[in-house]
Each structure stands twice: as C-alpha cells, then as structure tokens.
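Tertiary structure, described
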Amino acid sequence: MRRIVLGSILPTLFIAIWEISSRSGLLTLESLSRPSDIVRAGIGGLTDGSILVATGQTFETALLGLTFAAVAGIIAGAVLGLSPVLERVVNPTIEALRPIPAVAFIPLALMMFGFGVSMEATIVAYACLWPILIVTISAVRAIEPRLLEVADILEMTFAERLRKIILPAAFARINVSLRVAAGIALVVAVTVEIVLNPRGLGYSLMLAQQSLRVDVMYAQLLWLCVIGYALNALLRNIGPAAIALSRASR
Amino acid sequence: MRSIDPIKIAALGFALALILTWQVLAELRIISPIFFPSPSRALSVLVARVLDGSIWTPLVATGLRMLFGWALASLVGVAIGAAIGSSRLARDLLEPTLDFIRPLPASAMIPIAVLFLGLSNAMSLSVIAFGAIWPVLLATVHGFSSVQPELRQVSDVLGFNRLAFLKKIALPSAFPDIIAGLRVSLAIALILAVVTEMQASLPGLGWEIFYAQRVYRSADLYAGLVMLGVMGFAANHALMLFERRVLRWRNLHA
C-alpha cells in the first residue's frame, strides 16, 4: 500500500506539471505534447486498431525468430552438451560469433531478404540463439549421467533421447533461457523496425515522429511500456507454473 | 614442454573448414558473390583498411561513443542504484516508475531523443545511456541491499554516519555486483552505438556497415562486421581482466 502511494507520487507530479505548464503556455516546445492529448491519441489508436495491428506484426516476427532460435539452440545445445569433445571443438567459433551485435547484421539481412518478416525474424533468431544455446549446453551437461546410460542401454535414437530424457531433465534451465530470449526477441524486433523495416510498432513509432504527430508517438511509447511490462510479468509467472507442471507430469 | 592439445587443433580446423566451405561456395558461384563475397575478399579489404589506416577513424568513433554512453549510464546507474538499495523511502518512491519504464526497448527512445536533440552525438549518448543503465542499476540495487548484517553492525559500533557507511562499507561490498552489471551494460552500449549510428548517420562502424550495404560493397560490410566482433570481444575481456584484478582480495579470502 505504502509502495503504491509513494510510487505514484513522482509520476503524478510529473504528469501534472507537464499538463499544467503546457496548458498555461509556459511550455511551448513542439517536441512535447500534453498528457491529455497523448491519452486521447492512445485511445484513438487502440479503438481504430492501428496500434493493435502494429503490435500483432511485431509479436508475429518476434515469435517466429524466437521459435527458430529455440529449435536450433536446443538441438545444437543437446548435441554439444552430450559430447564435451565436440563442444570444445566448436566453442571457439561460437565465442567468435557471439560478440557481434545482432543489429550489425541488419544491413546483411536486408541485402539477403529485402524488407519484411524474414529479415527481421532472422535478426531476432540470431540474437536469441546465443542465450538458448549456451544455457542448453550447460544444462544438458549437468544431466545425471545414469539417465544417459539408461538411454544407451535402451538403444534410444537421438530424437528419442532428446524427447524422453534430455528435454525433461534439462527443462527448468532451458525454460529460464527461453524467458530471457523472449525479452530479447521483443527488443530486437522493435529495434529492427525502428532502424529500417517498414512494419510493426517500431516503424509506426518512427512514422509518428517523422510526421510530427508527437501525441501519437508518446502514446505508442507508453503502449510499448505497457506490453513490455505485461510480457515481463507473464514470463515471470509462466516460468514457475511450467516447472510445477513438468514436475507434476513426471 | 607440453604438447599442443589436439582438440585445440581440431577447433581451429573446424573454424577454418567453415571458412573454406564458404570460400569454395563463393568461388563456384553457388552462393551469390553479391551477398556473400568470398572470405578472402572480405579479409583483403580488412587488411587493406588496417594497413592504410582508414579503419581506425570509424573504430575510434564507435568505441568512444560506446565508452561515453556507458560511462554516463554507469555514473547515473550507480547513483540511483545506491539510493534505492540503501534507502527504503527512495526505493518506494522510484522503483515502481523504473519498473514500468525498464522493459521499454532503448531503441524506442530514439524518436524522442531525435526530437529533443536532433541527429547529434548527444542524441546517441542519451539513447545509449538509457539502454545501458538497467543492468548496472539493478546490480547496484542488489549489491547495496544485500550488505551483510554483520557489516552493518560493525559500522554501528564504529559510529559511522550514513555517508561513511555507504562509502566505506556498502560500496566495496556491492562492488562485485556492480562490476558484473557494468559488463552487461558495456555490451548493450556497443549495440546501441551501432543502432544510433545507423539511424542518425553518425560516423562509426555501424554507419560504415549500413553504407556498405547501400552501395553493395559487401566485402566492406563483412570487414566491418569482423571489426565490430573484435571490438565487442576486446571490450568484454578488458573488463573481465579489470574485474579479476580489482576483486583479487575476494579470492584471497574465499
């Protein structure tokens, strides 16, 4: 309670000063809209669907990239986690590729795919791959060796091993890395859209700024805060629930 | 003399085999040389640019952008983090607002920063600082709020006032956390330096890569990518060395 009251003091004060000073003419900067106009623009964008369509596009791409990264990262991570020798052979190459910022691949992806979903999803996948891959490797390596001996005795194929032993045993930690990657996916998708891809929330944000619809721009920024916050809260709660579920199903 | 580890040779061989495959595919024109110039061409561009010195200007520009933005984020982040981590009032006042802003992708601040500051270095720095502040801020909050109770009692016994407690006990105790946060922040600062260069046509490696694509000089593009990778790697390792050196006292006790 104390937290809610104290926590809302600063934002309320900030918004009140902003609103009052722009109404009284103290603040005439073109870069600042009025809080009331921003709220109106936000409601307008939500009711005419423009914000929701853009959100859908961003989420679609982020999810596509994340899925690619998850499939590739978990399979490669399982292979490398099972074979320490192979892991040491491949590791320097991974360490050489990993520090390259994903956004630096934007021009390359543009050249290969042109504008659209695939170039953006590729960048998202590249950015999400590393946390998933690295956590999966160490999670698989930490699996109780006797479980893997069981798999040997039962002469399981790699696909069976992955589904019946590795994924259930390493699930909790892989799940954490997927949550981290989901946060990265949204950030990278919006970034690619802001830099050049003409679709989604990032692009409509840039468009609002360039056409000097400052109220629309702030409204979309606020919306980004809201969905980012909601996504974080969701991922934080999904994690424990999924772990409980996987324990229960065992 | 220790013999060379065969796995290290295999690791080198693996990397070389990948590059060689790419080279062969490019030579045979199986993959388009417009998109994938052969590695030898990319490498020769890189070597030529290192030799004639033209790689250093953009490298230094991006490096300074990254460092200044990171320094700004670190100062503000440690200050706010220390306040939140050591005072309940500051925590209750600030944390809800910060929690709400934090998930915002830093690149989304670019349009606002452009409105206020134009396509300038100040714009770039403010965006970098906004994005890079969170890891160091969170780490500092954690470091300051998890000072061991015994250390608190020591400071009470010695009659430290609040400032002395923060300076002599809380800050050193939070230092390992802060450094860990600083490393994450540095990686983010490099990413945002590249993004703002692309967005605002500011000089640096990010812009060079962008420009190389526009004029279809893909060998230049790859050379730029390699330089960025080297830079990220070097920055991270420099900080890791610093961490090991500064935190040596910790390993002595442990």
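Residues numbered from 1 in each chain as written. Chains lettered and ligands numbered in written order. Predicted model: local features only at pLDDT ≥ 70, side-chain atom pairs only at ≥ 80, totals over all residues.

Another aspect to go through is the overall build of chain B. Each helix and strand counted, chain B has eleven helices and zero strands in total. Reading chain B from its N terminus to its C terminus gives the helix and strand order α-α-α-α-α-α-α-α-α-α-α. Taking 18 Å as the expected radius of gyration for a compact globule of 254 residues, we find that chain B reaches 23 Å, considerably beyond that expectation. The principal-axis extent of the C-alpha atoms belonging to chain B is close to 75 × 60 × 30 Å. When each of the 254 residues of chain B is scored for burial, the buried share is 40%. Nonlocal contacts in chain B, meaning residues at least 24 apart in sequence, comprise 72% of its contacts between residues at least 6 apart. (Helix = DSSP H or I, 4+ residues; strand = E, 2+ residues; numbered from the N terminus. Rg over C-alpha atoms; globule rule 2.2 N^0.38 Å. Buried ≥ 20, exposed ≤ 12 C-beta atoms within 10 Å, placed from the backbone. Contact = placed C-beta atoms within 7 Å.)

Quick look at the domain arrangement of chain B now. Residues and elements named next belong to chain B. Looking at chain B, the domain boundaries give domain 1 (1-31) and domain 2 (37-253). Distance from the C-alpha centre of domain 1 to the C-alpha centre of domain 2: 34 Å. Taken together, the contact between domain 1 and domain 2 spans five residues of the former and four residues of the latter. Of the residues contributing to the side of domain 1 that touches domain 2, the split by class is three nonpolar, one polar and one charged. (Domains from an automatic or database assignment. Nonpolar A, V, L, I, M, F, W, Y, C, P; charged D, E, K, R; others polar.)

Our next topic: the interface of chain B and chain A. Tallying the contact residues gives 44 residues for chain B and 45 residues for chain A. Going through the elements one at a time, α1 (6-27), α4 (88-101), α5 (110-117), α8 (162-200), α9 (205-214) and α10 (218-246) of chain B are the ones with two or more residues in the side of chain B that touches chain A. With eight residues, α10(B) is the largest single contributor of residues to the side of chain B that touches chain A. Of the residues contributing to the side of chain B that touches chain A, the split by class is 33 nonpolar, nine polar and two charged.

Moving on: the nonpolar core. The nonpolar side chains of a soluble globular protein tend to be buried with one another. Grouped together as the largest cluster of nonpolar side chains are 131 residues, with contacts concentrated most on Ile123(A), Val124(A), Cys128(A) and Ala189(B). The element contributing the most residues to this core is α8(B), with 17 residues. (Core = buried A, V, L, I, M, F, W, Y, C linked by C-beta atoms within 7 Å.)

Residues and elements named next belong to chain B. Backbone geometry at Ser201 places phi at a positive 50°, although glycine is not the residue there. Residue placement: Ser201 occurs in the loop between α8 and α9. Despite not being glycine, Tyr216 shows a phi value in the positive range, around 55°. Among the structural elements, Tyr216 can be located in the loop between α9 and α10.

Residue and element names in this part refer to chain A. With their axes 6 Å apart at the nearest point, helix α3 (residues 50-82) and helix α9 (residues 200-210) run at an angle of 135° to one another. The orientation of α3 relative to α9 falls into the category oblique. When α3 is examined against α9, the residues Ala54, Thr55, Gln57, Thr58 and Thr61 are found in contact with a partner set consisting of Gly200, Leu201, Gly202 and Ser204. Tallied by class, the residues present in the contact of α3 with α9 amount to two nonpolar, seven polar and no charged. (Axes fitted to C-alpha atoms, helices over the stretch in contact; angles between N-to-C directions. Parallel < 35°, antiparallel > 145°, perpendicular 65-115°, else oblique.)

Its 14 residues give α4(B) an end-to-end C-alpha distance of 20 Å, which sits within 8% of 20 Å, the value for a rise of 1.5 Å per residue. Approximately 40° is the largest bend angle found in α4(B), and it occurs at Leu94(B), with the proline Pro96(B) only one to four residues beyond. (Expected span 1.5 Å × (residues − 1). Bend = angle between axes of the 7 residues up to and from the residue.)

Right, let's get into the packing of α9(A) against α5(B). Packing of α9(A) against α5(B) leaves a shortest axis separation of 9 Å and a crossing angle of 20°. As summarised for this structure, α9(A) and α5(B) are arranged roughly parallel, according to the angle between their axes. Note that α9(A) runs across α5(B); the crossing there is right-handed. Where α9(A) approaches α5(B), its residues Leu205(A), Met206(A) and Gln209(A) are matched on the opposing element by Pro111(B), Val114(B) and Leu115(B). Class assignment of the residues belonging to the contact of α9(A) with α5(B) gives a composition of five nonpolar, one polar and no charged. (Left-handed = near helix turned anticlockwise from the far one by under 90°.)

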